[in-house]
Structure formats: structure tokens, C-alpha cells
Amino acid sequence: MKIRFYHAPDANCCERLLWILDYKQVEYDSIDVGLGDVGEQVRLLSPFARVPLMEVDGIALSESMAMAEFIEEIAPNPPLQYEAPFARAQVREICEAVNSSIHPQQNSSTVRFFHPDWNKDQMRPVRAKWLFMNLQKLHSRLWLDSQFAVGKQFTQADIFVSIIYRKAVDLGVAISDLPEYERYWKFLMSHESIKRSCPVAA
């Protein structure tokens, strides 16, 4: 099986998948499309002409949740999911909260659609406010059984949540405004096997 992974710098959807691939030590060809034009191959294979994009033996996947679940199935160890069906659903719930309810609305391409005259600096406070408000809402679903997002082990949920938290910080949300998330981030980074594979670790 040959995997080619197309990604862009500072794109949190891409960072999720890079973390998963590297944590599981899956072999793949990394193709950084940069910050400009995504290139002809991505435009050809992605219905929305965007990254992340994964080619598996020449066949494309273009949504990060589909890629995350595919990687879990082909490389189940070390696990990023639970075996019990309801626990698996809880992990998916958190991942989808980030993937569908939080991330898309703050994406720069979405903000640009509604405000085509805004530059990136004008977008930043709006994006940051959205992330701050929604991370506050998500808080009630997290860390119920341990310091991990769901249950008592490191899962896809931890990757999705911590990556979007770091994006909020990058956009200007003060660490002191989300202290629970900062403690959580430091807890994750205290595990060498987790930190080593994290694309945004300091």
C-alpha cells in the first residue's frame, strides 16, 4: 500500500493527520503544497481543491475524518480508538464537534467568502473569538474520566482538540483565558511518545 499525503503548513486539518500518521509510524510520502496554489494534482483529486488530501494506491480521500478512521483501520497499533462501541462513538463525537461545529466557520476561506475585502490580520480576531467561544462550550464534554479528552487513553479526540486549541492560541487567544486547555496541552506534551509525533510541539 502506497500513501501520498498532501498538506499545507499551519493548516490544522493537515496537522491532525500528520500527527496520526507519525504517531502510528505509518509510511507515507509527504507532499507540502505550501501556502499558495495547491497544485494541479490536488485540484484534480479533491472536489473542493484543498488539502488535506490522501492518495492510497492512487485513489483519493479528501476529508480528514475519513482519513483518520482509515489510518486507524490499517494501523490499529498503537490505538487511537477504543474497542467498545459507545466509547468509540464518544471519541467520534468530540472529533466531529471540532471537525464540523468548530473548525469550518473559523476557516480563513469561509471568513473570506463573507468578507472578501478582509486581509488575514482583520480575520484573526473574528476567528479567535469563534474558537474561544466554542472551546468553552466543548469543555463540558472533556476530561470526564482522566486528563485525556475521552476515557483513559490517548485517542483521536486528543489530537483534534489539542490542535484546534493551539490554533486558537496562534490566532491570539490568551493562554490565561483557557487555563484548562493549557493544563491539558502540557499534560499531553509530558508524554514523550505523544510529543515526539506532534507537528506543533514546541
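Scope of this entry: the structure provided in the associated data block.

The rules we used
- Counting restarts for each chain, with residues numbered from 1 along the sequence as it is written.
- Note on the predicted model: pLDDT of at least 70 is required for a residue's local features to be given, and 80 or more for side-chain atom pairs to be given and counted; whole-chain, interface and lining totals, by contrast, use all residues.
- Calculated side-chain values reflect all of the structure's heavy atoms, with hydrogen atoms and water omitted.
- Inter-axis angles, ranging from 0 to 180 degrees, are taken between N-to-C directions of lines fitted to C-alpha atoms, where helices are fitted over the stretch in contact.
- Helical segments are the DSSP runs of H or I of at least four residues, strand segments are the runs of E of at least two, and each set is numbered from the N terminus.
- Small angles under 35 degrees read as roughly parallel and large ones over 145 as roughly antiparallel, with 65 to 115 read as roughly perpendicular and the rest as oblique.
- When the near helix sits turned anticlockwise from the far one by under a right angle, the crossing is termed left-handed; a clockwise turn instead gives a right-handed crossing.
- Every residue pair with non-hydrogen atoms within 4.5 Å of one another is taken to be in contact.
- When residues are sorted by character, Ala, Val, Leu, Ile, Met, Phe, Trp, Tyr, Cys and Pro go into the nonpolar class, Asp, Glu, Lys and Arg into the charged class, and all the rest, Gly among them, into the polar class.
- Each salt bridge in this description consists of a side-chain nitrogen of Lys or Arg and a carboxyl oxygen of Asp or Glu lying within 4 Å of one another.
- Strand pairing follows a simple DSSP-based rule, namely that at least 2 bridges must link the two strands.
- A crossover counts as right-handed when, viewed with the strands pointing away from the observer, the path leading from the first strand over the helix to the second turns clockwise.
- Categorising residues by exposure relies on relative accessible area from a 1.4 Å probe, with only protein chains included: less than 20% of the type maximum marks a residue as buried, more than 50% marks it as exposed, and the intermediate range marks it as partly exposed.
- For our purposes a nonpolar core is just a set of buried Ala, Val, Leu, Ile, Met, Phe, Trp, Tyr and Cys residues, chained together by side-chain atoms within 4.5 Å.

## Some points on the packing of helix α7 (residues 156–170) against helix α8 (residues 179–189)
So, step 1. For the pair α7 and α8, interaxial distance at closest approach is 11 Å and the crossing angle is 125 degrees. In terms of axis orientation, α7 runs oblique to α8. At the point where α7 passes α8, the crossing takes the left-handed sense. Contacts from Ala157, Asp158, Val161, Ser162, Tyr165 and Arg166 of α7 reach α8 at Tyr181, Glu182, Tyr184, Trp185 and Leu188.
So, step 2. Of the residues that constitute the contact of α7 with α8, the class distribution is seven nonpolar, one polar and three charged.

## Re the pattern of salt bridges
Side-chain pairing between opposite charges can occur once the charged atoms of the two side chains come close.
So, step 1. For the structure on display, the rule yields seven salt bridges.
So, step 2. A salt bridge links aspartate 29 to lysine 2; the shortest N-O distance between them is 2.5 Å. With aspartate 29 in strand β2 (residues 29–32) and lysine 2 in the segment before β1 (3–7), the pair connects residues that are 27 residues apart, well separated along the chain.
So, step 3. The salt bridge involving glutamate 69 is made with arginine 92; its shortest N-O contact spans 2.7 Å. A residue pair is termed long-range when its members are at least 10 positions apart, and glutamate 69 in helix α3 (residues 64–74) and arginine 92 in helix α4 (residues 85–106) qualify at 23 residues.

## Notes on the pairing of β2
So, step 1. Bridging between β1 and β2 involves four bridges; their strand directions are parallel. Looking at the pairing, arginine 4 lines up with aspartate 29 of β2.
So, step 2. Each parallel crossover has a hand, and for β1 linked through helix α1 (residues 12–23) to β2 it is right-handed.

## A few points about α3
So, step 1. By the burial criterion, the buried members of α3 are Ser64, Met65, Met67, Ala68, Phe70, Ile71 and Glu72.
So, step 2. Buried residues along α3 sit against β1, α1, β3 (53–56), β4 (59–61), α4 and α7.

## A look at the nonpolar core
So, step 1. Ranked by internal contacts, the top residues of the largest apolar core, which has 56 residues, are Trp19, Met54, Leu138, Phe154 and Tyr181.
So, step 2. Elements supplying a minimum of two residues to this core: β1, α1, β3, α3, α4, α6 (120–138), α7 and α8.
So, step 3. Counting residues per element, this core draws most heavily on α7, which supplies nine residues.
So, step 4. Filtering out sequence-adjacent residues up to four positions away, leucine 138 remains in contact with Ile94, Ala97, Val98, Ile102, Val161 and Tyr181.
So, step 5. Grouped together as the second largest cluster of nonpolar side chains are seven residues, Cys14, Val42, Val51 and Leu53 included.

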